[in-house]
Amino acid sequence: MSTPIIDIDGITKSFGAFKVLDGLSMKVMPGEKLALIGPSGSGKTTILRILMTLERIDGGHIRIGGEQLYHMEREGRLVPADERHLTRMRRKIGMVFQLFNLFPHKCVLDNVTLAPMLTKGIARPAAEKRAMELLDMVGLADKAKAMPAQLSGGQKQRVAIARALALSPEIMLFDEVTSALDPELVEEVLTVMRRLAAETDMTMLLVTHEMGFAHDFADRVLFFDRGRIVEEGKPDEIFRHPTQERTQAFLRKIIAAGHRV
Ligand SMILES: Nc1ncnc2c1ncn2[C@@H]1O[C@H](COP(=O)(O)OP(=O)(O)OP(=O)(O)O)[C@@H](O)[C@H]1O
Ligand SMILES: [Mg+2]
């Protein structure tokens, strides 16, 4: 057995008096494509934000590639991670959000090259070569010089995906990347994501309300409710033969809302 690339071990997280995560544990193997589904407020985004170090944990441990994320060793003891450790660990992970957050005053190409040049010290020619490959992969090589305001939502989101990939993360997190898009723009983003899942051995965690897409994309689906994993399994098991009442009720609601499962 190889080491999990993500090993979440008994983490807790509260916002004020509200406990969002209460002893959550889960493991992700290298290269796995995981879909996180569940009702609004169940803690899916919080988990991704914690992995991205945008949100601290209150208790428990997370290991990325066997290395502690929020702790580090000092004289044989585990102590809270300092900012330097967090910055180093954060580089292993890329995230694409619901709202693309492109730099509005930079062209598409600069949006993709800026972070690799600034944080990894990659020279402009190499950064641009890589950026053009990625823009080609997401079908936007011809938009390299366009400004974000000149792009559709689906195009912006594809630039955001290229930008996250430009940092060559080992793990990619996607949080509802299509939910802010007009329906006719959803498919072009999903097509890029499907390709990415099929063609790379990157580990990917996807939060989505698109159950049909989760089914095609994922090796394994986790159903969350109130900060806990209620049920997990292969897509067919979860979507066709869920065993837990809460999973069944959730899927019924999704279907009633007109989504494909
Ligand atoms: N910064 C915050 N401050 C206070 N409460 C928060 C904060 N972030 C999240 N929460 C609360 O934590 C709970 C889990 O939120 P989270 O965003 O992780 O849910 P989610 O599963 O992603 O939901 P959705 O499907 O609606 O995106 C919610 O009740 C939310 O209101
Ligand atoms: Mg969310």
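As a reminder, the structure under discussion sits directly above these lines.
Residues numbered from 1 in each chain as written. Chains lettered and ligands numbered in written order. Predicted model: local features only at pLDDT ≥ 70, side-chain atom pairs only at ≥ 80, totals over all residues. Heavy atoms only, no water.

(A) Spotlight on unusual backbone geometry. The phi dihedral of Thr53 falls on the positive side, at around 60°, and the residue is not glycine. Structurally, Thr53 can be placed in the loop between helix 1 (44–51) and strand 4 (59–64). Judged by its relative accessible area of 12%, Thr53 falls in the buried class. One non-glycine residue with positive phi stands out, namely Glu75, at about 50°. Within the fold, Glu75 resides in the loop between strand 6 (71–74) and strand 7 (77–80). In this structure Glu75 comes out as exposed when scored by relative accessible area, which is 81%. (Helix = DSSP H or I, 4+ residues; strand = E, 2+ residues; numbered from the N terminus. Buried < 20%, exposed > 50% of the residue type's maximum accessible area, 1.4 Å probe, protein only.)

(B) Spatial organisation of the packing of helix 3 (residues 108–120) against helix 5 (residues 153–165). Interaxial distance between helix 3 and helix 5 falls to 8 Å at its minimum, and their mutual angle equals 25°. Between helix 3 and helix 5, the crossing angle belongs to the class labelled roughly parallel. Here the hand of the crossing between helix 3 and helix 5 comes out right-handed. Across the interface between the two elements, Val108, Asn111 and Val112 from helix 3 touch Val159, Ala162 and Arg163 from helix 5. Considering only residue class, the contact of helix 3 with helix 5 consists of four nonpolar, one polar and one charged. (Axes fitted to C-alpha atoms, helices over the stretch in contact; angles between N-to-C directions. Parallel < 35°, antiparallel > 145°, perpendicular 65-115°, else oblique. Left-handed = near helix turned anticlockwise from the far one by under 90°. Contact = heavy atoms within 4.5 Å. Nonpolar A, V, L, I, M, F, W, Y, C, P; charged D, E, K, R; others polar.)

(C) View of helix 6 (residues 183–199). The end-to-end C-alpha distance of helix 6 is 25 Å, a good match for the 24 Å that 17 residues give at a rise of 1.5 Å each. When we look at burial in helix 6, the residues that qualify are Leu185, Val186, Val189, Leu190, Val192, Met193, Leu196 and Ala197. Buried positions in helix 6, seen along its axis, are confined to an arc of 160° and lie on one side of it. Facing away from the buried side of helix 6 by over 90 degrees, the exposed positions are Glu184, Ala198 and Glu199. On the buried face of helix 6, the contacting elements are strand 3 (33–37), helix 4 (124–137), helix 5, strand 9 (171–175), strand 10 (203–207) and helix 7 (211–217). (Expected span 1.5 Å × (residues − 1). Arc of directions from axis to C-beta.)

(D) Focus on the site of ligand 1. Ser40, Gly41, Lys44, Thr45 and Thr46 are the nearest of the 13 residues found near ligand 1. The separation between an oxygen atom of ligand 1 and a polar side-chain atom of Ser40 is 2.5 Å. In this structure, an oxygen atom belonging to ligand 1 sits 2.8 Å away from a main-chain N or O atom of Gly41. Secondary-structure elements contributing two or more residues to the shell around ligand 1 are strand 2 (18–28) and helix 1. Among the elements that line the shell around ligand 1, the one with the most residues is helix 1, at three residues. Residue classes in the shell around ligand 1 are distributed as four nonpolar, seven polar and two charged. (Near = heavy atom within 4 Å. Polar contact = N/O pair within 3.5 Å; in protein donor to acceptor, adjacent residues only side chain to side chain.)

(E) Region of interest: the packing of aromatic side chains. On inspection of all chains with the given rule, the structure shows two aromatic pairs. A centroid spacing of 5.4 Å and a plane angle of 40° characterise the contact between Phe213 and Phe217, whose relative ring orientation is tilted. Here Phe213 and its partner Phe217 are both found in helix 7, four residues apart, which amounts to about one turn of the helix. For the pair Phe213 and Phe217, one class covers both residues: buried. Both rings, one in Phe223 and one in Phe250, keep their centres 5.1 Å apart while their planes meet at 40°; by these two values the pair is tilted. Taken together, the residues Phe223 in strand 11 (residues 220–225) and Phe250 in helix 9 (residues 245–256) connect sequence positions 27 residues apart. Like Phe250, Phe223 is buried. Sitting above the plane of the Phe103 ring, Arg163 keeps its charged end 5.2 Å from the centroid. (Phe/Tyr/Trp six-rings, centres within 6.5 Å; stacked < 30°, edge-to-face > 60°. Lys NZ or Arg CZ within 6 Å of the ring centre and 35° of its normal.)

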